[in-house]
Amino acid sequence: MQRASRDRPQPLSGLPVLDLASHCLFLDFDGTLVEIAVRPEAVSVAAETLAALAALHRRLDGALAIVTGRPIAEIDRFLAPLVLPIAGVHGLTRRAADGHVEQAAVDQQLVALLARELGVFIDTHPGIIMETKWGAVALHY
């Protein structure tokens, strides 16, 4: 049986070892970086998580991005002082590694109509929380 070398990490469960020179990481926020909370604003980011993200961002030479249903500004508040590349509101807004932000075209009147219609549904289903965002409506249960 061959022993694992300390200089060369071994794959876990057949997965390849992360190659810091050619791989990138896309990390989900809720349920991955932070625990799911009863209300979206109730999450907290551990200091250890912030430190790990900063270290990964440096080691990957910036090839680390957050993927989330939340708006970019909200993630920035949770991850401060880090400012990372991010796909927010399920990809409707994106911030590149160079800081450039792009937003998809969204019919805000349609989003408002959807929120009104879902409000009727929520009124008859206790325990569901509606979160209206730029370009999207999310239901939490």
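Residues numbered from 1 in each chain as written. Predicted model: local features only at pLDDT ≥ 70, side-chain atom pairs only at ≥ 80, totals over all residues. Heavy atoms only, no water.

Undergrad: Give me the overall build of the chain: which residues, what numbers.
TA: Helix and strand counts for the chain come out as three helices and seven strands. Reading the chain from its N terminus to its C terminus gives the helix and strand order β-α-β-α-β-β-β-α-β-β. Taken over the C-alpha atoms alone, the chain extends approximately 65 × 35 × 25 Å along its principal axes. Residues classed as buried in the chain amount to 31% of the 141 residues present. A separation threshold of at least 6 residues defines the contact pool for the chain, and within that pool the share at least 24 residues apart is 41%. For the chain, the exposed area adds up to about 9700 Å²; of that, 58% sits on carbon and sulfur atoms. Placing the 12 positive and 16 negative side-chain charges of the chain at their respective mean positions leaves the two points 7 Å apart. (Helix = DSSP H or I, 4+ residues; strand = E, 2+ residues; numbered from the N terminus. Buried < 20%, exposed > 50% of the residue type's maximum accessible area, 1.4 Å probe, protein only. Contact = heavy atoms within 4.5 Å. Areas by Shrake-Rupley, 256 points an atom, 1.4 Å probe, with all protein chains shown as cover. Lys, Arg positive; Asp, Glu negative; His and termini not counted. Charge placed at Lys NZ, Arg CZ, Asp CG, Glu CD.)

Undergrad: An account of the sheet that holds strand β5 (residues 101–103) is requested, with residue identities and associated values reported.
TA: In spatial order, the strands read β1-β2-β3-β4-β5; together these five strands make up an open sheet with mixed pairing. Each edge of the open sheet is held by one strand with a lone partner, namely β1 (25–28) and β5. Within this sheet the neighbouring strands show an average axis-to-axis angle of 15°, counted without direction. Pairing geometry for strand β3 (residues 86–88) and strand β4 (residues 93–95), over three bridges, is antiparallel. Bridging from a neighbouring strand, Ile86 pairs with Arg95 of β4. Across the face of the sheet, helix α1 (residues 47–59) comes into contact with β1 and β2 (64–67) while running at roughly 135° to β2. Helix-sheet contacts for helix α2 (residues 72–79) involve β2, β3, β4 and β5, and the interaxial angle to β4 is about 45°. (Pairing = 2+ DSSP bridges. Axes fitted to C-alpha atoms, helices over the stretch in contact; angles between N-to-C directions.)

Undergrad: Describe the pairing of β1, naming the residues involved and giving the relevant values.
TA: Judged from the four bridges that link them, β1 and β2 form a sheet pairing that is parallel. Each bridged residue has a counterpart across the sheet, and for Leu27 the counterpart in β2 is Ile66. In this fold, the crossover linking β1 to β2 by way of α1 has right-handed handedness. (Right-handed = clockwise from strand over helix to strand, strands pointing away.)

Undergrad: Mind laying out the pattern of salt bridges, listing which residues take part and the relevant values?
TA: One pass over the full model with this rule turns up four salt bridges. As a salt-bridge pair, Arg95 and Asp76 come within 2.7 Å of each other at their nearest N and O atoms. Here Asp76 lies in helix α2 and Arg95 lies in strand β4, a separation of 19 residues in the sequence. When its relative accessible area of 21% is taken as the criterion, Asp76 is described as partly exposed. Each member of the salt-bridge network shares a partner with another, and the members are Asp30, Arg70 and Glu74. (Salt bridge = Lys/Arg side-chain N within 4 Å of Asp/Glu carboxyl O.)

Undergrad: Residues and numbers for α1, please.
TA: For α1, with 13 residues, the first-to-last C-alpha span of 18 Å sits near the 18 Å given by 1.5 Å per residue. Of the positions making up α1, those classed as buried are Thr49, Leu50, Leu53 and Ala54. Within α1, the buried residues cover an arc of 135° as seen down the axis, which keeps them to one side. Facing away from the buried side of α1 by over 90 degrees, the exposed positions are Ala47, Glu48, Arg58 and Arg59. Contact partners of the buried residues in α1: β1, β2 and α2. Positive backbone phi, approximately 50°, marks Asp61, located one or two places after α1. (Expected span 1.5 Å × (residues − 1). Arc of directions from axis to C-beta.)

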